[in-house]
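Chain and residue survey
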Amino acid sequence: MRLLLHSCCAPCSAAIVEHLLENAVDTTVFFSNSNIYPQDEYLHRRAELERHLQVLGVPFVEDDYDHSDWLVSVKGLEQEPERGSRCTQCFRFRLLRAARYAADHGFTHLGTTLASSRWKNIDQVNAAGQWAVEQVASLSVPLIFLDRNWRKGGLQERRNQLLRQYGFYNQQYCGCEFSMRA
Ligand code: SF4
C-alpha cells in the first residue's frame, strides 16, 4: 500500500499518522484545504501540521491554496448548515484534488483525516472519498479509498492525548467563513 492521506489539520491527523507509522504504512500527507478562511488561518493550520510531520519524518505535500475557486464550487450553498450539502461539496472539492494527485503520483490508496472529528459525519466524508476515487478510476491502476472509522480502536482517546501532549493549535471553527457563525 502507498497511502496518500488527505489531512485537514494537526489535531485531526496526529493519532492517525501515529497509527499508520506503527503499522508501517507507506504514508504521504497531502494538505489540500482551500476551504479555510482567512488565509492567515490556513497558514497557521498548515504550519502546525508541517512542523509535527517534520519531527516524525513523514512526507508532506501542500496543494495550491485557492479560496476563490472553492467559493465558486459552493456557490448557492452558503446558507446550508454544517453537515449539509455545502459540506458535501467541500469534501468533494478537496478529496477530488487529493485523488487526482494520488492517481498522478502512483499511490494505491487515498484516505482522509476529515472524519476523525466528532463534529463530522463519517458517512458523508466516506461517500465523498469514494466519489473522488471513482472520478479518477482507471482499470489498469485503481485507486482505493480507505474508508476507515478513525475514531475507533482507541484513536479518539489518543487524539485527545496528543492534543494535550503537543499543545496543538486547536481551531474554534471548521474552516470556511460560513462556519464562523455556527
Ligand atoms: S463547514 Fe467545514 S466542511 Fe462545511 S463547507 Fe465549511 S469548511 Fe467545509
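Below, the structure is looked at part by part. Bear in mind that the values here come from a model prediction, so they are computed numbers and not experimental data.

**Points about the site of the ligand**
- Around the ligand, the structure places Asn35, Glu82, Arg86, Cys87, Cys90, Cys174, Gly175, Cys176, Phe178 and Ser179.
- When its residues are assigned to classes, the shell around the ligand shows five nonpolar, three polar and two charged.

**Concerning the packing of helix α1 (residues 10-22) against helix α6 (residues 155-166)**
- Packing of α1 against α6 leaves a shortest axis separation of 8 Å and a crossing angle of 115°. On the basis of the axis angle, α1 is roughly perpendicular to α6. Pair α1 / α6 crosses with right-handed handedness. On the side of α1, the interface is formed by Pro11, Ala14, Ala15, Ile16 and His19, while α6 contributes Leu155, Arg158, Arg159, Leu162, Leu163 and Tyr166.
- The class makeup of the residues in the contact of α1 with α6 is eight nonpolar, one polar and two charged.

**Some thoughts on unusual backbone geometry**
- Cis geometry marks the peptide bond from Tyr37 to Pro38, where omega comes out at -5°.
- Along the chain, Pro38 turns up in the loop between β2 (26-31) and α2 (39-56).
- Backbone geometry places Ala24, a non-glycine residue, at a positive phi of 55°.
- For Ala24, the position within the fold is in the loop between α1 and β2.
- In this structure Ala24 comes out as exposed when scored by C-beta crowding, with 8 C-beta atoms within 10 Å.
- Even without a glycine there, the phi angle at Arg83 is positive, about 80°.
- Residue class for Arg83 comes out partly exposed when judged on the 13 C-beta atoms lying within 10 Å of it.

Thresholds, definitions, all that
- Residues numbered from 1 in each chain as written.
- Predicted model: local features only at pLDDT ≥ 70, side-chain atom pairs only at ≥ 80, totals over all residues.
- Near = placed C-beta within 6 Å.
- Nonpolar A, V, L, I, M, F, W, Y, C, P; charged D, E, K, R; others polar.
- Axes fitted to C-alpha atoms, helices over the stretch in contact; angles between N-to-C directions.
- Helix = DSSP H or I, 4+ residues; strand = E, 2+ residues; numbered from the N terminus.
- Parallel < 35°, antiparallel > 145°, perpendicular 65-115°, else oblique.
- Left-handed = near helix turned anticlockwise from the far one by under 90°.
- Contact = placed C-beta atoms within 7 Å.
- Buried ≥ 20, exposed ≤ 12 C-beta atoms within 10 Å, placed from the backbone.

All we've got here are geometric facts, nothing functional implied.
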